[in-house]
Amino acid sequence: MGERPVIAITMGDPCGIGAEVIAKALARPAVGEWCTPLVVGNAEIMRRAFELTGAGFEVRAVESADDIVAGDGAVAVLDIGNYDAAGMRPGEISATAGKAAMEWVVRAGELCLNGSVTAMATAPLHKEAASLAGYEDIGHMEVLQRLSESPKVLTMLVSKGLRVVHLTTHRSLKRACDYVTQENILGALRLTDSAFKTWGFPEPRIGVAALNPHASDGGLIGDEEATQISPAVEAALAEGIDAKGPVPADSVFLQGVRGDYDAVLAMYHDQGHIAVKMYGFEESITVNLGLPFIRTSVDHGTAFDIAWQNKADDTSMVESIKVAVDLATGTGIAG
């Protein structure tokens, strides 16, 4: 398979843009120089995607990573035979497609766990389709955390040097606020510090976002800053973690862009996601912290409205593959 790292790329929901952005990304010469790709999905769907995009690749269906033939001009697709491409309907929510997409994620995770591949990069799932298929774990992170039996996993968004770790992701805002506790914040700071040191940051600088407007204005607007966030930051500092906060959320992300921090810890999903996507939507990707392997992802959805119309932008997929390679080879985090 050569010396380039083998990256498992999951196809995502076949009714969405996953196969298209993979096809376009793999057509970029740089991607082939970075890694040996192994698409985990449906071989016929990938053939259609290559035809749609004019990528010009042949598909080689394989049963394992050991079957990859590097340099033969074909793209290896590990097809576990769980989806009938004849039934694919672009842009439609399908339990069958949701089930297949989730099974491809699990298979790629297994390949990472047994060392068959170096890392994985994922195309988007459709959460409603996965739910219709009977999955309670309707996101990549939750599935892979359960599969790997990892005690704590966090999601980080990356775009052009801005790195935002999220204390919570797929929770209602009410439930997310309840999760803002000293224990949870300190755990997130410890995991962020550990992960960044693994990635080559000797002393990671972490900015901690406030929960309330103006960091509560001395307790006039909530008390979580005084009762939960500040004690967590103080405890982290006592452990040698370079954390600063709580910093008002309308300032902390700009400070991150400016380079004051290596990472920013956001308190809830939209607080961090809005900042990253406003800063660099096309380039933004996801990285998980706390898994025993590297997993990156595009930071966009299935885009059913433009699925299979050759309109999808592959920038995020290219970036997710690049960061997976960077982390796998010790290069660090791109940007």
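Residues numbered from 1 in each chain as written. Predicted model: local features only at pLDDT ≥ 70, side-chain atom pairs only at ≥ 80, totals over all residues. Heavy atoms only, no water.

Draft legend 1. Spatial organisation of the overall build of the protein. When helices and strands are counted, the protein shows 12 helices and 12 strands. Taken against the 2.2 N^0.38 rule, which gives 20 Å for 335 residues, the C-alpha radius of gyration of the protein at 20 Å falls within 12% of a compact globule. Overall, the protein is about 60 × 40 × 35 Å in size when its C-alpha atoms are taken along their principal axes. Contacts in the protein between residues at least 24 apart in sequence constitute 74% of all its contacts with a sequence separation of at least 6. If you average the places of the 26 positive and of the 44 negative side-chain charges in the protein, the two averages end up 1 Å apart. (Helix = DSSP H or I, 4+ residues; strand = E, 2+ residues; numbered from the N terminus. Rg over C-alpha atoms; globule rule 2.2 N^0.38 Å. Contact = heavy atoms within 4.5 Å. Lys, Arg positive; Asp, Glu negative; His and termini not counted. Charge placed at Lys NZ, Arg CZ, Asp CG, Glu CD.)

Draft legend 2. Inspection of the layout of surface pockets at higher detail. For the largest pocket, the calculated volume is near 420 Å³. The wall of the largest pocket is formed by 22 residues, among which Lys127, His170, Thr286, Val298 and Asp299 lie closest to the centre. Its residues assigned to classes, the lining of the largest pocket shows 5 nonpolar, 12 polar and 5 charged. (1 Å grid on protein atoms, 1.4 Å probe; cavity = no way out; pocket = protein on both sides within 12 Å on 5 of 7 lines; lining within 4 Å. Points joined across faces, edges and corners; volume = space filled by probe spheres on them. Nonpolar A, V, L, I, M, F, W, Y, C, P; charged D, E, K, R; others polar.)

Draft legend 3. Looking closely at the side chain of aspartate 13. With respect to the element layout, aspartate 13 can be found in the loop between β1 (6-10) and α1 (18-26). Here aspartate 13 sits buried without a salt bridge, and the closest side chain of opposite charge, lysine 127, lies 11 Å off (N-O distance). Leaving out residues up to four positions away in the same chain, aspartate 13 has contacts with Ala97, Gly98, Ala101, Pro124, Leu125, His126, Ala129, Thr302 and Phe304. (Buried < 20%, exposed > 50% of the residue type's maximum accessible area, 1.4 Å probe, protein only. Salt bridge = Lys/Arg side-chain N within 4 Å of Asp/Glu carboxyl O.)

Draft legend 4. Main features of the pattern of salt bridges. Counted under the stated rule, the structure contains 11 salt bridges. Lysine 197 is the partner of aspartate 193 in a salt bridge, and the nearest nitrogen-oxygen pair spans 3.1 Å. You can see aspartate 193 and its partner lysine 197 sitting in helix α8 (residues 182-198), 4 residues apart, about one turn around the helix. Residue lysine 197 is classed as partly exposed on the basis of its relative accessible area of 41%. Between arginine 205 and aspartate 262 there is a salt bridge, with its nearest N and O atoms 3.1 Å apart. One end of the pair, arginine 205, is in strand β8 (residues 205-209); the other, aspartate 262, is in the loop between α10 (249-258) and β10 (263-266), and 57 residues separate them in sequence. Looking at arginine 205, the relative accessible area reads 30%, which means it is partly exposed. Take aspartate 262: its relative accessible area is 11%, and that puts it in the buried class. Connected through salt bridges with shared partners, the residues Glu44, Arg47 and Arg48 form a single ionic network.

Draft legend 5. Quick peek at the pairing of strand β5 (residues 119-122). With burial as the criterion, each face of β5 is covered, one bearing Ala119 and Ala121 and the other bearing Met120 and Thr122. Pairing of β5 with strand β12 (residues 294-298) involves 4 bridges; the strand directions are parallel. By the bridge assignment for β12, alanine 121 is matched with threonine 296. (Pairing = 2+ DSSP bridges.)

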